[in-house]
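Observations on the model geometry
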Number of protein chains: 2
Amino acid sequence: MSLVVVGSVAYDGIETPHGKRDRILGGACTYIALSASYFTKTAIVAVVGDDFAGEDRSWLSEKGIELTGLEQVPGKTFFWSGVYSDDMNDRTTLRTDLNVFADFNPKLPAGYASRPYLFLGNIQPSLQRGVQQQMNGVRFVGGDTMNYWIHDTREELLATIRTWDFLLINDSEARMLSGEYNLRKAAKKILAMGPNTLVIKRGEHGAMLFREDALFMVPGYLLDDVFDPTGAGDCFAGGFVGYLAEKGFDLRNGHFDVQELHRAVIYGSVMGSFCCERFGVERFRDLTRKQIDQRFEEFRKFTAF
Amino acid sequence: MSLVVVGSVAYDGIETPHGKRDRILGGACTYIALSASYFTKTAIVAVVGDDFAGEDRSWLSEKGIELTGLEQVPGKTFFWSGVYSDDMNDRTTLRTDLNVFADFNPKLPAGYASRPYLFLGNIQPSLQRGVQQQMNGVRFVGGDTMNYWIHDTREELLATIRTWDFLLINDSEARMLSGEYNLRKAAKKILAMGPNTLVIKRGEHGAMLFREDALFMVPGYLLDDVFDPTGAGDCFAGGFVGYLAEKGFDLRNGHFDVQELHRAVIYGSVMGSFCCERFGVERFRDLTRKQIDQRFEEFRKFTAF
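Residues numbered from 1 in each chain as written. Chains lettered and ligands numbered in written order. Predicted model: local features only at pLDDT ≥ 70, side-chain atom pairs only at ≥ 80, totals over all residues. Heavy atoms only, no water.

This next bit is on the sheet that holds strand β2 (residues 10-16) of chain B. Residues and elements named next belong to chain B. In space, the 4 strands of this open sheet follow the order β3-β2-β6-β7, with mixed pairing throughout. Each having just a single partner strand, β3 (19-26) and β7 (91-97) make up the two edges of the open sheet. Across the sheet, the mean angle separating the axes of adjacent strands is 15 degrees when strand polarity is ignored. Where strand β6 (residues 79-84) and β7 come together, 6 bridges link them in antiparallel fashion. Opposite Gly 82, over in β7, you have Thr 93 as the bridge partner. With respect to the sheet, helix α1 (residues 28-36) is in contact with β2 and β3, its orientation differing from that of β3 by roughly 80 degrees. (Pairing = 2+ DSSP bridges. Helix = DSSP H or I, 4+ residues; strand = E, 2+ residues; numbered from the N terminus. Axes fitted to C-alpha atoms, helices over the stretch in contact; angles between N-to-C directions. Contact = heavy atoms within 4.5 Å.)

See the structure below:
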């Protein structure tokens, strides 16, 4: 069933030990939508400048992503550049030019409001809330956030996630949001903030899902080569929410097979792992659903006992 | 079937955010043997000084550990002390007094030589080799090592592990030994050094098992409180090797159920997790096999999909 994704569409400059790209398609919304599009009909809400390439628009459209909500305005598209450390566990931001993204005020196209699933990428919490209020009848809503919002707009963030079904963040964000280093304690506190489901991403160390009645953990996929980790967490999000949308999952009603939630975490991990195999979004140029399902089965094989 | 464990028996001074102990029973051999003793008949080879407490000897003996090979000599028992960082991911060694351990030259008591299983704890590689040569007809042999031996006695170490069935080390040791940061590549190189099975411990991030024909990964157990991580890796080793010995596993013949190896990694993880719940070896004072099997089932529950 149809999913709406809100967030940034950008151009990135990326340098890893495997090479360098000066300006390639990026942005959290791009990665989430590309990843989710393998599972479900996906529509985006984002803003780009008049420098946004026609071929990028065409490609996203060919991937089946609905672009009615991709607003194009005068000015330049959000640009970010960074360089990764040798082991790729750290990255240094070289440039962040918000450009047209600085004034992003997401407006839902008429047809989007009744879509059943909403994923709010990492943007200002009040904007996330504004989008949610434009929707009616969502079967679940959730999203991501980051250290900046946790620290600087905490009350706004808490008011926003209070009505979310799930929150999907990384381990350091979970620690910061909860004030607890221990992730089991952190999860308990975060679940008390509103979301019934918390997914904590741990990069190469895998991911965890917490609910009051459930705990699920999966190790990270072991790649032969990590080419570029940019976007891997967003691709995880896309796989997680995309799979749930494909299954017509209703997180609100509570009568569901919790194993399906576990499988959504595995599909998230699968999509995150594929993302790292090439620069930027390049892996999605020829990735097939068959390869995705094969890697899902690989996860089963190397975690079964 | 009967297991022989070689390594250090020591006294430790430990400080963690949860408290402090000035002098408690410790040492890799102690942890490995205590952990393995829940699965199989375990005998140790180690040396202590004349300050070694009768009550510690009695307790180990009551736990069913055979102490014929625990040599007591004039002088002081190996003493180590250290303090953990607030998040317990780092520790600073305050004191290392090798004492009688400096001249440790492990000699197998007559009855040990024909035992089927041998675990060589982290001591000088040439000593590990010397012990192995005193055994006849082992069904499998393997062990641990550390950064110091990898760096300073590399050739000796390589000659030693060449005939081992398994090597059980942590991720930074695997990277150092192989010269590869990527663990999949590191594992490939290490398997070419001799052992048919490699287990890489990753602390709170779990563990991995590599063979030419197999890969298995498990996330770390999520404790509510890590009291003291000292000895957790050794308890992992004890659970892993203890379970294989209990099952009468023959790593050399190659005709076995690889799922049993996976389960051995889970039992290792279970034992490592229990170890962290109290200071030093204290958790083993009342730990039962039933609790161990319950946690094994818990692992199944939170990793199944």
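Another aspect to go through is the relation of the copies chain B and chain A. Mapping chain B onto chain A is achieved by rotating through 180 degrees and translating by 0.0 Å along the same axis, at an RMSD of 0.0 Å. Put plainly, the chains are arranged around a two-fold axis. Proximity to the rotation axis, assessed at the C-alpha, singles out B:Pro219 in chain B; its C-alpha lies 2.6 Å from the axis. Looking at the interface residues of chain B, 100% of them are also at the interface in chain A, so both copies use one shared face. (Least-squares fit on C-alpha atoms with pLDDT ≥ 70 in both.)

Here the focus is the interface of chain B and chain A. Contact with chain B, which involves 37 residues of that partner, is made by 37 residues of chain A. Buried surface at the junction of chain B and chain A, summed over both partners, amounts to about 3,200 Å²; 55% is from carbon and sulfur atoms. Among the residues chain B hides against chain A, the three largest losses belong to B:Met217, B:Leu222 and B:Phe305. Together they make up 28% of the total. Run the count over chain B and chain A and you get 4 salt bridges. A:Glu204 is the partner of B:Arg202 in a salt bridge, and the nearest nitrogen-oxygen pair spans 3.3 Å. For the pair chain B and chain A, the interface holds 18 residue pairs in polar contact (both at pLDDT 80 or more). Per-class residue counts for the side of chain B that touches chain A are 18 nonpolar, 7 polar and 12 charged. (Buried area = accessible area lost by both parts, 1.4 Å probe. Salt bridge = Lys/Arg side-chain N within 4 Å of Asp/Glu carboxyl O. Polar contact = N/O pair within 3.5 Å; in protein donor to acceptor, adjacent residues only side chain to side chain. Nonpolar A, V, L, I, M, F, W, Y, C, P; charged D, E, K, R; others polar.)

So, on to helix α5 (residues 154-161) of chain B. Residue and element names in this part refer to chain B. Of all the positions in α5, only Leu 157, Leu 158, Thr 160 and Ile 161 are classed as buried. The arc that holds every buried residue of α5, seen down its axis, measures 160 degrees, which confines them to one face. Next to the buried residues of α5 lie α3 (125-134), α4 (147-152), β10 (166-170) and α6 (171-178). (Buried < 20%, exposed > 50% of the residue type's maximum accessible area, 1.4 Å probe, protein only. Arc of directions from axis to C-beta.)

Under the defined criterion, the tally for this structure stands at 38 aromatic pairs over all chains. Taken together, a centroid distance of 5.0 Å and an interplanar angle of 40 degrees make the contact between B:Phe299 and B:Phe302 tilted. A residue pair is termed a helical-turn pair when its members lie 3 or 4 positions apart in one helix, as B:Phe299 and B:Phe302 do in helix α10 (residues 289-303) at 3 residues. For the pair shown, B:Phe299 and B:Phe302 are each scored as buried. In this structure, A:Arg285 packs its charged tip against the face of A:Trp59, placed 4.1 Å from the ring centre. Across from the ring centre of A:Phe274, 3.9 Å away, lies the NZ or CZ of A:Arg295, which sits over that ring. (Phe/Tyr/Trp six-rings, centres within 6.5 Å; stacked < 30°, edge-to-face > 60°. Lys NZ or Arg CZ within 6 Å of the ring centre and 35° of its normal.)

This part covers the sheet that holds strand β10 (residues 166-170) of chain A. All names here are of chain A. In space, the 9 strands of this open sheet follow the order β5-β4-β1-β8-β9-β10-β11-β12-β13, with mixed pairing throughout. Taken across any chain shown, the strands that pair with only one partner, and hence form the sheet edges, are β5 (65-72) and β13 (214-218). Neighbour-to-neighbour, the strand axes of this sheet turn through a mean angle of 15 degrees, independent of strand direction. Relative to strand β11 (residues 197-201), β10 is paired through 5 bridges, and the arrangement is parallel. Bridged to Leu 168 within β11 is Val 199. Across the sheet, helix α7 (residues 183-191) lies against β10, β11, β12 (207-211) and β13, angled at about 45 degrees from β12, the strand it touches most. Docked against the sheet, helix α9 (residues 258-275) engages β12 and β13, running at close to 25 degrees with respect to β13.

For the rest of this paragraph, the subject is the side chain of A:Thr230. Residues and elements named next belong to chain A. Here Thr 230 shows up in the loop between β13 and α8 (232-246). Side-chain polar atoms of Thr 230 contact the side chain of Tyr 84, separated by 2.7 Å. Excluding anything up to four places from it in sequence, Thr 230 contacts Asp 12, Ile 14, Tyr 31, Tyr 84, Arg 91 and Cys 275.

All names here are of chain A. In the contact formed by helix α3 (residues 125-134) and helix α5 (residues 154-161), the axes pass within 8 Å of each other and the chain directions differ by 25 degrees. Judged by the inter-axis angle, α3 sits roughly parallel to α5. Along this stretch, α3 crosses α5, giving a crossing that reads as left-handed. Facing Pro 125, Ser 126, Gln 128, Arg 129 and Gln 132 of α3, the residues of α5 in contact are Glu 156, Leu 157, Ala 159 and Thr 160. Grouping the amino acids of the contact of α3 with α5 by side-chain chemistry returns 3 nonpolar, 4 polar and 2 charged. (Parallel < 35°, antiparallel > 145°, perpendicular 65-115°, else oblique. Left-handed = near helix turned anticlockwise from the far one by under 90°.)

Residues and elements named next belong to chain B. Burial of strand β8 (residues 117-120) is two-sided: the residues Tyr 117 and Phe 119 facing one way and the residues Leu 118 and Leu 120 facing the other way are all buried. Alignment of strand β1 (residues 3-6) against β8, held across 4 bridges, turns out to be parallel. Following the sheet pairing, Leu 3 is matched in β8 by Tyr 117. Looking at chain direction, β8 and strand β9 (residues 140-143) are connected through 4 bridges and run parallel. Bridge assignment links Leu 120 to a residue of β9, and that residue is Gly 143. For the crossover from β8 across α3 to β9, the handedness is right-handed. (Right-handed = clockwise from strand over helix to strand, strands pointing away.)

A few words on the environment of A:Tyr221. All names here are of chain A. Here Tyr 221 shows up in the loop between β13 and α8. The exposure class of Tyr 221 is buried, given its relative accessible area of 15%. When the C-alpha atoms of Tyr 221 and Phe 274 are compared, they prove to be 9.4 Å apart, with 53 residues separating the residues in sequence. At 2.8 Å, the side chain of Tyr 221 forms a polar contact with the side chain of Glu 298.

Don't take any of this as a statement about function, it's just geometry.
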